[in-house]
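Observations on the model geometry
These are the residues of each chain, in order.
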Amino acid sequence: MLFGGAAAAVALLVPWLPDPASEQAHRIDFVFWFVTTICIAIFALVAAVIVYSLIKFRARADDDSDGPPTHGHTGLEIWWTAIPAALVTSISIVSAVVLAKNEQLPNAPSVSAARAAQTSTQGLCRLRNEDPLKPLVVCVIAQQFAWLFQYPAYNNATSATLRLPIDTTVQLQLQSKDVIHSFWVPEFSQKQDAVPGLLTKLVITPNRLGTFPVICTELCGLGHAVMRSQTTVESKDKFLAWANARGKAAGGGGGPSAAAKTLFVDNGCDGCHTFKPAGANGKVGPDLDNLSEAAQKAGQPLDEFIRQSIVDPNAYVAPGYPKGVMPETFSSLPVEQIDALVQYLAGGSQ
Ligand code: CUA
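Residues numbered from 1 in each chain as written. Predicted model: local features only at pLDDT ≥ 70, side-chain atom pairs only at ≥ 80, totals over all residues. Heavy atoms only, no water.

**Overview of the packing of aromatic side chains**
Under the definition given, this model contains 14 aromatic pairs. Ring geometry for phenylalanine 30 and phenylalanine 34: centres 6.1 Å apart, planes at 25°, overall stacked. With phenylalanine 30 and phenylalanine 34 both in helix H2 (residues 23-56), this residue pair falls four residues apart, about one helical turn. Among the aromatic residues, those joined into a ring-pair cluster are Tyr151, Tyr154, Phe239 and Trp242. (Phe/Tyr/Trp six-rings, centres within 6.5 Å; stacked < 30°, edge-to-face > 60°. Helix = DSSP H or I, 4+ residues; strand = E, 2+ residues; numbered from the N terminus.)

Here it is in structure tokens:
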């Protein structure tokens, strides 16, 4: 009782796990507590038997003799084999059920459609079916050292943060442009690798509103520790309003400059750069308010200079700034979006 109580207190009083924010995380938590309960029971039993034996059977001070030879105890051996076997089997079954449930998608497409999707666009994320919310597909593009999230159902709109509607099953389709990265949101409990040349998948059904960190959990180079983003779980209405606006902007609606400003902000450019027309005041990268001057220094026409800086940022690095800091993920933006950004930036720097 004493050892069981102490172990249970350590298990229950220390907040070991983050508050789950998805159905999958709740199931994983269940497995965790199922295994922990079994472990506490076994620990309490073993610790109690050891302590009891230490006291009861210890050698007396003047006793140098060996203990009597013992053959063993067949009955005891059968039980201590059978009970652990049953426990381990039950853990396997519970884990297998949770794994299967966590990979389940609502109205999954037919096998042939899924196969066609896999073979027609090797290594490329794509929409599974017509209903944009069943499941919502989000392409996750990982690259040293940034995440980019793309929404195929909304004109391939992109975002530097992952926005998700609550109580909606989403399928992440992960790809990497260079080395192996791994997607992890502690509150969602699951992890999935992004592997170059492969399309990996992860199913998440968020069920708690909030903003949670997205962390790269595979050592991927010097910037691994800063390969972070955020995911925001919001109401369906709020998500749809955002996604539709972003989709329209990605498709060129709503006025070119407003659309480009949305692109600029949603792709996270404002996090690193200063650019007055967008109200951005990031300090990590060069100020974008004097691009004409910078283009002259680089000896390139303005539009060409801006385009190259977006899609191939290391080809020319502004003096005083280190190479390799700006992610190359933006080369995967659709051409129209890059065009819009080039126009927007060129227009603001005159
Ligand atoms: Cu990407 Cu670590």
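Still more ground to cover, so stick around.
**Things to note about the sheet that holds strand S4 (residues 162-165)**
The strand order across the open sheet built from five strands is S4-S10-S9-S6-S7, with neighbouring strands paired in mixed fashion. Edge positions in the open sheet fall to S4 and strand S7 (191-194), since each of these has one partner strand only. Sheet twist, expressed as the average angle between the axes of neighbouring strands with direction ignored, equals 25°. The pairing of strand S9 (residues 210-216) with strand S10 (residues 228-234) spans six bridges and is classified as antiparallel. Bridge pairing links phenylalanine 212 to threonine 231 in S10. Taken strand by strand, helix H5 (residues 236-250) contacts S4 and S10, and its axis lies near 130° from that of S4. (Pairing = 2+ DSSP bridges. Axes fitted to C-alpha atoms, helices over the stretch in contact; angles between N-to-C directions. Contact = heavy atoms within 4.5 Å.)

**Brief notes about the side chain of serine 176**
Among the structural elements, serine 176 can be located in strand S5 (residues 170-176). Engagement of the side chain of serine 176 in a polar contact is seen with the backbone nitrogen of aspartate 178, the distance being 3.2 Å. Serine 176 has contacts with Ala142, His181, Ala194, Val195 and Pro196, leaving out every residue within four places of it along the chain. (Polar contact = N/O pair within 3.5 Å; in protein donor to acceptor, adjacent residues only side chain to side chain.)

**Topic: unusual backbone geometry**
The omega angle of the peptide bond from glutamine 144 to phenylalanine 145 is -5°, so this bond is cis rather than trans. Within the secondary structure, phenylalanine 145 sits in the loop between strand S1 (136-143) and strand S2 (146-151). A positive phi angle, near 65°, is found at serine 189, a position not held by glycine. Along the chain, the position of serine 189 falls in the loop between strand S6 (181-184) and S7.

**Some points on the sheet that holds S2**
Pairing in this open sheet of five strands is mixed, and the strands run S3-S2-S1-S5-S8 from one edge to the other. Where the open sheet ends on each side, the last strands, each with one partner, are strand S3 (157-159) and strand S8 (200-204). Neighbour-to-neighbour, the strand axes of the sheet open up by a mean angle of 25°, direction not taken into account. With seven bridges joining them, S1 and S5 adopt parallel strand pairing. Within S5, the residue paired with leucine 136 across the bridge is valine 170. Across the sheet, H5 touches S1, S2 and S3, and the angle it forms with S3 is around 115°.

**Examining the packing of helix H1 (residues 2-13) against H2**
Interaxial distance between H1 and H2 falls to 8 Å at its minimum, and their mutual angle equals 150°. Pair H1 / H2 crosses with right-handed handedness. Contact with H1, carried on its side by Phe3, Gly4, Ala7, Ala8, Ala11 and Leu12, involves Trp33, Thr36, Ile40, Phe43, Ala44, Ala47, Ala48 and Val51 of H2 and no other residues of that element. Its residues assigned to classes, the contact of H1 with H2 comprises twelve nonpolar, two polar and no charged. (Left-handed = near helix turned anticlockwise from the far one by under 90°. Nonpolar A, V, L, I, M, F, W, Y, C, P; charged D, E, K, R; others polar.)

**Brief notes about the environment of glycine 285**
Here glycine 285 is to be found in the loop between strand S12 (280-281) and helix H7 (291-298). Here glycine 285 falls in the buried class, since its relative accessible area comes to 13%. On a C-alpha basis, the gap between glycine 285 and cysteine 269 in space is 9.4 Å, while along the polypeptide they are 16 residues apart. What glycine 285 contacts, discounting residues up to four positions off in sequence, is Cys272, His273 and Tyr321. (Buried < 20%, exposed > 50% of the residue type's maximum accessible area, 1.4 Å probe, protein only.)

**Quick word on helix H3 (residues 74-103)**
Given a rise of 1.5 Å per residue, 30 residues ought to cover 44 Å, and the 44 Å separating the end C-alpha atoms of H3 matches this to within 8%. Along H3, the residues classified as buried are Val94, Val98 and Asn102. Elements that come into contact with the buried residues of H3 comprise H2 and S8. (Expected span 1.5 Å × (residues − 1).)

**A word on a nonpolar patch on the surface**
The grouping of Leu2, Phe3, Ile42, Phe43, Val46, Ile50, Val51, Leu54 and Ile55 at the surface amounts to a nonpolar patch, some 860 Å² of accessible area in total. When contributions to the nonpolar patch are tallied by element, the ones reaching two or more residues are H1 and H2. With seven residues, the top contributor of residues to the nonpolar patch is H2. Inspection of the secondary structure assignment puts phenylalanine 43 in helix H2. Exposure remark for phenylalanine 43: the relative accessible area of 43% places this residue in the partly exposed category. (Patch = residues over 30% accessible without salt bridge, like charges linked within 9 Å, V, L, I, M, F, W, Y side chains within 5 Å. Areas by Shrake-Rupley, 256 points an atom, 1.4 Å probe, with all protein chains shown as cover. Salt bridge = Lys/Arg side-chain N within 4 Å of Asp/Glu carboxyl O.)

**Considerations on the environment of proline 286**
Inspection of the secondary structure assignment puts proline 286 in the loop between S12 and H7. Separated by eleven residues in the primary sequence, proline 286 and phenylalanine 275 place their C-alpha atoms 9.6 Å from one another. Excluding anything up to four places from it in sequence, proline 286 contacts His273, Thr274, Ala318 and Tyr321.

**Describing the pattern of salt bridges**
Oppositely charged side chains are able to pair whenever their charged atoms sit close together. This structure, assessed with the given rule, holds four salt bridges. With a shortest N-O distance of 3.9 Å, aspartate 289 and lysine 276 are connected by a salt bridge. Here the residue aspartate 289 occupies a position in the loop between S12 and H7, and lysine 276 occupies one in the loop between strand S11 (274-275) and S12, the gap between them amounting to 13 residues. Of the residues examined, aspartate 289 reaches a relative accessible area of 13% and is grouped as buried. The class of lysine 276 is exposed, set by a relative accessible area of 65%.

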